[in-house]
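These are the residues of each chain, in order.
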Amino acid sequence: MIRLRLIFMLLLMLLGMAQVRAQDATRVAEPIPEAMPLIDEGDQDIINILLIGAATNNANNPGLTDSLMVISVNRTAGAVAVVSIPRDLFVYLPGLDMQKINTAYLYGENKFGEGGGLKLLTETIHYNLGLNIDYYARVNFTGFNNIIDAVGGIDITVDCVIRDWKLKSPELDKQVEANYEIFTMGVGRWHMNSELALWYVRSRKTSSDLDRGRRQQDVLRALWRKIRVSNLLETLPQTWETLARNVSTNLTLTDVIGMLPLALQLDTSDIRYFTFRQKHEVRNSVSAAGQSVLLPQREAITSLLQEVVLPPNSSQINPYRPTIAIINASEVPTLDLVAADRLELEGFRTIVVQENTQYRQYNHLVDYTGATKGSPLERLQKMLRITDEGIEITPDANRDYDFKLYVGAMYQYWSCTRDVIQPTAEQLQADLEAAGDS
């Protein structure tokens, strides 16, 4: 009797295991979404350029895609917009299955051979985002470093403290844990060589995949600013030789020269920047295989990309941008530049002004417009953490600027309004002590 019971129990267990395996098999099968509708380009002359950052130093290894950005150039309107595509976006790879978008290039190269990576990636973007890609430029870590070094490094303002492990010295073995130390990049203007710039765009310890896209755009802005300041566009053939050695692209020198008139008139403040947002264009999820992924929110993505490529009206392509003069009243070096860069990203024209002024602990904003309808005052207050007491309204029809911002010392602690975990006072103190001992 006992033996029969044991056999019966074993049969139940086996049936249960078979049922679990059947459930697992069902769980692995991901539903394939319908293709996204194409983003409407109207009758405009629009070119979409895909920038691909490969997570490898090996030219023979396709690697995962560390960075994806689309630069949309509207030659009819004379406008440029940039959008970052999150690497963890969960999408359908045409002809294959559901995967993170950062695998598309690697799978394409491995499955279809040379050129298959770009083909699969552009088809993936077309299917899942409704974007046509006209040109591409792909760079790996080595090429990225060479470009940054070729322009003499870049300057980036940091408004959120970044704290992550960093190799103590670039020549050390990356596989040895003891060769790393915690590095803290505080709020302020930083001059970055290639090693530091690569660390900045790849850091994930205290931030997210979405925030990495924003920092990658920071590097793009800084590079564009350096190119303009250094007049590198005027020596384009020589500059192109350096780029061609470090970037794989289907753009020719003739193609780039054709875009030169627009490029020469574009300041960094003229370029619109977009990122996918949590709980808007994407939401966190877990795939059937157990991967943390970002699920696309189709309608929100279509709306965002339509804004990138072709906004509903011309005023959104070339909107009126209020001017803000910025004075550093904080006694904290470069804090005015931090505020200026952040405001520029939000669509304001900024100019840093030297003015003898008293020390201020808190931000203070003077509004010379006196406007009520359509005024950005409320948005500025929220962004800069300014109380009503910190607002001074002084209408001036003969004004040189629409607003004047006095940056206070507390702004260094309040400047971060992004999805980045800020270190505690104890962590910062420990970092200072460790730096003093080294």
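Before reading further, recall that the structure is shown in the block above.
Residues numbered from 1 in each chain as written. Predicted model: local features only at pLDDT ≥ 70, side-chain atom pairs only at ≥ 80, totals over all residues. Heavy atoms only, no water.

1. Comments concerning the pattern of salt bridges
According to the stated counting rule, one finds 28 salt bridges in the structure shown. A salt bridge links Arg418 to Asp159, with the nearest nitrogen and oxygen atoms 3.0 Å apart. Taken together, the positions of Arg418 in the loop between helix 13 (411–414) and helix 14 (425–437) and Asp159 in the loop between strand 7 (154–158) and strand 8 (162–167) put the pair 259 residues apart, joining distant regions of the chain. The partly exposed category is assigned to Arg418, whose relative accessible area is 22%. We classify Asp159 as buried; its relative accessible area is 5%. Arg221 serves as the salt-bridge partner of Glu344, at 2.8 Å between the closest nitrogen and oxygen. Residue Glu344 is located in helix 11 (residues 335–345), and its partner Arg221 is located in helix 6 (residues 209–229); the two are separated by 123 residues in the primary sequence. (Salt bridge = Lys/Arg side-chain N within 4 Å of Asp/Glu carboxyl O. Helix = DSSP H or I, 4+ residues; strand = E, 2+ residues; numbered from the N terminus. Buried < 20%, exposed > 50% of the residue type's maximum accessible area, 1.4 Å probe, protein only.)

2. Some points on helix 3 (residues 116–129)
Between its first and last C-alpha atoms helix 3 spans 19 Å; for 14 residues at 1.5 Å apiece the expected length is 20 Å, and the two agree. Listed in full, the buried residues belonging to helix 3 are Gly116, Gly117, Leu118, Leu120, Leu121, Thr124, Ile125, Asn128 and Leu129. Of the surrounding elements, those touching the buried residues of helix 3 are strand 1 (46–54), strand 2 (65–74), strand 4 (90–92), helix 2 (104–112), strand 6 (135–139) and helix 9 (298–309). A positive phi of about 75° marks Gly130, the residue just after helix 3. (Expected span 1.5 Å × (residues − 1). Contact = heavy atoms within 4.5 Å.)

3. Quick look at the sheet that holds strand 19 (residues 403–407)
The five strands lie next to each other as 16-15-19-17-18, forming an open sheet whose pairing is mixed. Each end of this open sheet is capped by a strand with a single partner; those strands are strand 16 (349–352) and strand 18 (391–393). When strand polarity is set aside, the average angle formed by the axes of neighbouring strands in this sheet is 20°. Of the pairings in the sheet, the one linking strand 17 (residues 364–367) to strand 18 comprises three bridges and is parallel in character. Along strand 18, the bridge assignment pairs Leu365 with Ile391. Seen against the sheet, helix 11 touches strand 15 (323–328), strand 16 and strand 19 and runs at an angle of roughly 160° to strand 15. (Pairing = 2+ DSSP bridges. Axes fitted to C-alpha atoms, helices over the stretch in contact; angles between N-to-C directions.)

4. Topic: the sheet that holds strand 3 (residues 79–84)
Strands sit in the order 11-6-1-2-3-12 across an open sheet of six strands; the sheet is mixed. Two strands lie at the open edges of the sheet, namely strand 11 (248–249) and strand 12 (271–275), each paired on one side alone. In the sheet, strand 1 pairs with strand 2 via nine bridges, with the strands oriented antiparallel. Its bridge partner being in strand 2, Asn48 is matched across the sheet by Ser72.

5. Comments concerning unusual backbone geometry
Even without being a glycine, Asn231 presents a positive backbone phi close to 55°. For Asn231, the location among the structural elements is in the loop between helix 6 and helix 7 (236–246). Classification of Asn231 by relative accessible area gives partly exposed; the value is 41%. Located in the positive-phi region is Thr334, a residue other than glycine, with phi close to 65°.

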